[in-house]
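Letter by letter, the chains look like this.
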Amino acid sequence: MSFRYLATKVFRNRQAVANSVRSAGCALFMTCKPQIQARFFSESVQQSRRLSEKNEGSFMFAQTAYNFDETIASFDGPVKHYDYLVKKGVIIDDEYQREVAKILQGIYNNLLDYYKKDASGVSKADLSHSTAAPTPAPAAEPKSTGWGWFKRRSATPAAETQTVKNTGTNYTIIHNTAAPTHIGTYSAPKGVYIWGGPGCGKTYLMDLLFNSIQCPDIKKARVDFHSFMLEIHMKLHQLRQKYGARSDPLPEIARNIASCNNVLFFDEFQVTDVADAMMMQRLFSNLFANNVTVISTSNREPDDLYRDGVQRDRFVPFIHLLKSQCPVLHLNSGKDYRFGGKKEVRTYFWPANESTNHEVDTLFKQVAGGDAYKSGDVEVVQGRHIHVSKYLNGVCEFDFAELCEQPTGASDYISLCNQFHTMVLKNIPVFTMNSMTQLRRFITLVDELYQYKVKLICTTEAPLPKLFQLDRNSVLDEVFASDRTISRLEEMQTVHYLQTLHFLQKPKLEESE
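I will try to describe carefully the structure that is included in this document. Note that the structure is a prediction, hence the values are computed from the model and not measured.

Focus: the pairing of strand S12 (residues 395-399)
A large share of S12 lies buried, amounting to 4 of its 5 residues. Hairpin connection from strand S11 (residues 385-392) to S12: 2 residues lie between these consecutive antiparallel strands, with Asn393 at a positive phi of about 50°.

Structure below.
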């Protein structure tokens, strides 16, 4: 099934999707009017161009520009928007977050300065592109300003690494002697790489910047990194089928992406797959060469990405590239804001026994609005299917073994997230160092459920704080990522999360009948 077919289907049915979510979707959880509007794939002012035959740069798994919002535009950037949310009591004023918001304000100003067209209808980006050579050329050194160091500039391998400390937030300009000598420089504004512990507000701040960009001259997309890489692999497969197995379509993919997106926002930047690791350098070199600005969040600092991975020496040049184009911010607030949220409906049940299974079955019936359960197959990538033994009205049920003890991955979980707004997952075990494969799949599953705002009702063998009994001294990515999973599972039980509308809900199983 092609990207174009899926995108067209999503676009044509988006009103039905919203109605479904508001009614049968999460009736049990909607105790008050939700404050967050439904979000759809690639929804922007350029829908017709995005769905055209010639457009290959759009994403199925991306949330692109919202329609123009006059209120958000009036804030003129993340700082005033942050101040407004603090005054309204929506968020708590955090000095560390505020420092990051100031840096993001600088990026916002740089993007507007570069892309916004003047009275004659010409922008600095237009002038840059009209004079650009086929290969990237160093940009002129910008004048010194308060935010000038965010402009792209020539990398100087011999320079020392500069670290500026300000109220606990480190923003680092990386130009060190370990970097390769041929890192290109580009005219578009630099991005940023924000890393820190789970729940410290990285994604929230990134979204402030994303939502602040209301200029129609700036094309933007926000995408979960898992989903982004999945699409890259799928596009590679499609183009190699078209041009031959020995073809190199990666530069073309990057050009197509750049034609539709000036700024890419990546949530949860992480690399655990060897296939992803081996292509990162070339993929992002081509994106940067096409003047794409990258904004990303991660739980890990760049030097720890793909740590102890297979053939990591081939991945290291990408780390140098990333740090040269995305100054590094460490958000070190030391607080996980996902804990302490208000809970009214129990969705996490333990231990997994007959009593809790009965409670979960009752909850399934309430959320689905009936007990006329059905079964069927969900199509995932490349013609594969996953059997769903029990589903109704956008609610599905699985045993842990079905999703995490079988050869499944991110693409399978994303497909389920596209089909269902609520998942019941039974018999989640306690994870130890002897169950790393199952743990890896479970972490990926929770990541995708969280990204798509799927509601999770589950039974487990232990309370959440004791669900992961791991060696904390291990350097494995899964051990490191378990903290993020605990944080997300905690938030997924709160009223705020349960009232958040599903990213996309289109039960194709129902449609086929």
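Once the structure has been displayed, the description carries forward.
Here we look at helix H13 (residues 354-368)
One full turn of an α-helix is made of 3.6 residues, so residues set three or four places apart face in the same direction. For H13, with 15 residues, the first-to-last C-alpha span of 21 Å sits near the 21 Å given by 1.5 Å per residue. Inspection of H13 places Thr356, Val360, Leu363, Phe364, Val367 and Ala368 among the buried residues, and these make up the whole buried set. The arc that holds every buried residue of H13, seen down its axis, measures 120°, which confines them to one face. For H13, the exposed residues set more than 90 degrees away from the buried face come down to Glu354 and His358. Between the side-chain oxygen of the N-cap and the backbone nitrogen of Ser355 there are 3.1 Å, and the N-cap of H13 in question is Asn353. One or two steps after H13, the chain reaches Gly369, where phi turns positive at roughly 75°.

What about the packing of aromatic side chains?
For the structure on display, the rule yields 25 aromatic pairs. Consider the rings of Tyr450 and Tyr497, whose centres lie 5.9 Å apart with planes at 15°: the pair is stacked. With Tyr450 in helix H16 (residues 436-451) and Tyr497 in helix H18 (residues 495-498), this pair connects stretches of sequence that are 47 residues apart. For the residue pair Tyr450 and Tyr497, the accessibility class agrees, reading buried in each case. What links up through ring pairs into an aromatic cluster is the set Tyr193, Phe225, Phe228, Phe266, Phe269, Phe284, Phe288, Tyr306, Phe315 and Phe318. Looking at Lys453, its charged tip hangs above the ring of Tyr450, at a distance of 4.1 Å from the centre.

What counts, and at which threshold
Every chain begins its residue count from 1, and numbering advances along the sequence as written. Thresholds applied to this predicted model are a pLDDT of at least 70 for local features of residues and 80 or more for the giving and counting of side-chain atom pairs; totals over whole chains, interfaces and linings are not thresholded and use all residues. Each side-chain value is worked out from all heavy atoms of the structure, with water and hydrogens disregarded. Exposure classes here rest on a 1.4 Å probe applied to the protein chains alone. A residue is buried below 20% of its type maximum, exposed above 50%, and partly exposed in between. Helix numbering and strand numbering both begin at the N terminus, where a helix is a DSSP run of H or I of at least 4 residues and a strand a DSSP run of E of at least 2. Here the rule is simple: two strands pair whenever DSSP picks up at least two bridges between them. Take the residue count of a helix, subtract one, and multiply by 1.5 Å to get its expected span. The arc in question is the one traced by the directions running from the helix axis out to the C-beta atoms. Two N or O atoms form a polar contact when they lie within 3.5 Å of each other; inside protein one atom must be a possible hydrogen donor and the other a possible acceptor, and for residues adjacent in sequence the pair counts only when both atoms belong to side chains. Each Phe, Tyr or Trp ring, with Trp reduced to its six-membered ring, pairs with another whose centre is within 6.5 Å; inter-plane angles below 30 degrees give stacked pairs, above 60 give edge-to-face pairs, and intermediate values give tilted ones. Lysine and arginine charges are scored as sitting over a ring when NZ or CZ, respectively, is within 6 Å of the ring centre and within 35 degrees of the ring normal.

This is a description of form; function is not addressed.
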